[in-house]
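So the chains spell out like this:
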Amino acid sequence: MCFFVAKDLSATIAGMQISEELRRRFAEAQRVLVLTGAGISAESGVPTFRGGGNTAVWKGMRFDVISSAEMVERDLPAVWEWFDYRRDFMDSILPNPAHYEIARWQEQFSTLTLATQNIDGLHQKAGSRNVIELHGNIWRARCTACRSSYDMSQGPRPDGCLECGDRLRPDVVLFGEMLPPGAFEFAVERAAECDLCFVIGTSALVYPAAGLPEIAKRAGAYVCEVNPELTPLSDLCDEVLMGKAGEVLPLIGR
Ligand code: BJW
Ligand code: ZN
């Protein structure tokens, strides 16, 4: 079931799930920014990090311990074990209607900027182009010294860096690490000039990604959240569509 919470009271007519205001904004928007998080991949079978009263745990370690810069220093083989396990699992999963709907939006707006915190590559599998991967990609390894990058989607990674021989690590952004050079800055530029912003499937707890809708709002954009649960950003949003992304997104443009 999908609950609809809108600050535009005219939109709370029984049975109407998407406000007239959002439909109008969607029809007229030129520049749209979409920020996604783990929840958009939940319907593809990818576990979220938080929510539902649970926190992801790997062999007794909280994910923010195993997915941390400190653990790369302390026990890189354990970090690889955790990421290899998740890559094996992600190999078999498919995009869901939410990923496909966002890919379709590319043809609808003159500028569609998709910034994702997800590392699973499902947006690209659904056909989205130029995805800003704020937290990296699980299908890449990178050298801990020279940052040379290795694609693991076509085969196994080498034992060490082919350029300098140093150790490889997953090319993902762990707690306490900087985001990929330029990625956040580019998303900030797009947030500051968008007229419609969607925040989809993120608990909005992790910064700087969670700051993007705040930037869009300050710039005058209409901000819409899609999530079955409220988040710290819900109050800032003009509209909160409480439901699963795969069920709600296909309704917005129809
Ligand atoms: C559905 C659904 C359905 C379910 N449909 N929805 C400012 C203030 C305080 C702290 C900081 C700050 N700025 C920076 C920090 C520190 C830190 C941070 O934010 N900490 C907070 C937790 C307090 N940030 C960082 O460290 C970042 N780096 C940084 O800032 O660098 C600068 C710097 C460096 C050094 C010193 C100082 C500054 C890096 C953050 C990297 C995050 N990495 C992870 C792990 C990636 C690797 C891995 O996969 O293991 O990224 S953490 C994890 O959280 C992952 C996610 O991308 C990220 C966000 O999670 P997300 O996507 O929101 O998922 P969930 O699970 O939290 O939520 C799912 C949601 O979906 C829920 O709301 C559900 O309801 C919903 N849902 N089903 C729609 N069907
Ligand atoms: Zn190297």
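Residues numbered from 1 in each chain as written. Chains lettered and ligands numbered in written order. Predicted model: local features only at pLDDT ≥ 70, side-chain atom pairs only at ≥ 80, totals over all residues. Heavy atoms only, no water.

Caption draft 1: How the structure looks around the overall build of the protein. For the protein, the helix and strand inventory stands at nine helices and 12 strands. Its C-alpha atoms give the protein a radius of gyration of 19 Å, near enough to 18 Å, the size a compact globule of 254 residues would have. Residues classed as buried in the protein amount to 52% of the 254 residues present. Taking all contacts inside the protein whose residues are at least 6 apart in sequence as the whole, residues at least 24 apart take part in 64%. As presented, the protein carries roughly 12100 Å² of accessible surface, and 53% of it is formed by carbon and sulfur atoms. (Helix = DSSP H or I, 4+ residues; strand = E, 2+ residues; numbered from the N terminus. Rg over C-alpha atoms; globule rule 2.2 N^0.38 Å. Buried < 20%, exposed > 50% of the residue type's maximum accessible area, 1.4 Å probe, protein only. Contact = heavy atoms within 4.5 Å. Areas by Shrake-Rupley, 256 points an atom, 1.4 Å probe, with all protein chains shown as cover.)

Caption draft 2: Representation of the coordination of the zinc ion (ligand 2). At 2.3 Å from the zinc ion (ligand 2) lie its protein donor atoms, namely Cys143 (SG), Cys146 (SG), Cys161 (SG) and Cys164 (SG). One can describe the donor arrangement at the zinc ion (ligand 2) as tetrahedral, given that its four donor atoms subtend angles of 99 to 119° at the metal. Mapped onto the polypeptide sequence, the residues donating to the zinc ion (ligand 2) form the spacing pattern C-x2-C-x14-C-x2-C. Of the two residues, cysteine 146 sits in the loop between strand S7 (136-143) and strand S8 (149-151) while cysteine 164 sits in the loop between S8 and strand S9 (168-172), which places them 18 residues apart along the sequence. (Donors = N, O, S within 2.8 Å, 3.2 Å for Na, K, Ca; no water. Tetrahedral: all angles 85-135°; square planar, octahedral: opposite > 155°, others 65-115°.)

Caption draft 3: Expanded view of the site of ligand 1. Neighbouring ligand 1 are 34 residues; Arg50, Ser67, Arg86, Thr202 and Ser203 lie closest to it. In the model, a nitrogen atom of ligand 1 is placed 2.8 Å from a nitrogen or oxygen of the glutamate 43 side chain. Between ligand 1 and glutamate 177, the relevant distance is 2.7 Å, taken from a nitrogen atom to a main-chain nitrogen or oxygen of the residue. Taking 1500 Å² as the accessible area of ligand 1 by itself, protein coverage stands at 75%. Residues belonging to the shell around ligand 1 are distributed by class as follows: 17 nonpolar, 11 polar and six charged. (Near = heavy atom within 4 Å. Polar contact = N/O pair within 3.5 Å; in protein donor to acceptor, adjacent residues only side chain to side chain. Nonpolar A, V, L, I, M, F, W, Y, C, P; charged D, E, K, R; others polar.)

Caption draft 4: Summary view of the pairing of strand S5 (residues 111-116). In terms of burial, S5 is largely enclosed, as five of its six residues are buried. With two bridges connecting them, S5 and strand S6 (residues 132-133) associate as parallel partners. Counterpart to threonine 116 in the pairing with S6 is glutamate 133. (Pairing = 2+ DSSP bridges.)

Caption draft 5: Seen up close, the packing of aromatic side chains. Summed over all chains, the structure comprises eight aromatic pairs. Ring geometry for phenylalanine 26 versus tryptophan 105: centroids 5.2 Å apart, planes at 70°, classification edge-to-face. Note that phenylalanine 26 is positioned in helix H1 (residues 20-28) and tryptophan 105 in helix H5 (residues 97-105), a separation of 79 residues in sequence. Judged by relative accessible area, tryptophan 105 falls into the buried class, the value being 0%. Considering the side-chain rings of phenylalanine 26 and phenylalanine 109, the 5.0 Å spacing of their centres and the 85° angle between planes classify their relative orientation as edge-to-face. On the criterion of sequence distance, the pair formed by phenylalanine 26 in helix H1 and phenylalanine 109 in the loop between H5 and S5 is long-range, its members being 83 residues apart. For the pair phenylalanine 26 and phenylalanine 109, a shared accessibility class is recorded, and that class is buried. Taken together, the aromatic side chains of Phe26, Trp105, Phe109 and Phe198 make up a single cluster linked through ring pairs. (Phe/Tyr/Trp six-rings, centres within 6.5 Å; stacked < 30°, edge-to-face > 60°.)

Caption draft 6: How the structure looks around the side chain of arginine 87. Along the chain, arginine 87 falls in helix H4 (residues 76-90). When residues no more than four places from it in sequence are discounted, the contact partners of arginine 87 are Trp80, Ile138, Trp139, Met152 and Arg157.

Caption draft 7: Representation of the pattern of salt bridges in the model. For the structure shown, the criterion picks out 15 salt bridges. Between aspartate 64 and arginine 62 there is a salt bridge; the shortest N-O distance is 2.9 Å. The exposure class of aspartate 64 is partly exposed, given its relative accessible area of 26%. With its nearest N and O atoms 3.1 Å apart, the salt bridge here joins arginine 157 to aspartate 84. Of this pair, arginine 157 sits in the loop between S8 and S9 while aspartate 84 sits in helix H4, and the two are 73 residues apart along the sequence. Overall, the relative accessible area of 24% leaves arginine 157 in the partly exposed class. Look at aspartate 84 and you get partly exposed, because its relative accessible area is 22%. Each of Glu21, Arg24, Arg25 and Glu28 takes part in one network of salt bridges that share partners. (Salt bridge = Lys/Arg side-chain N within 4 Å of Asp/Glu carboxyl O.)

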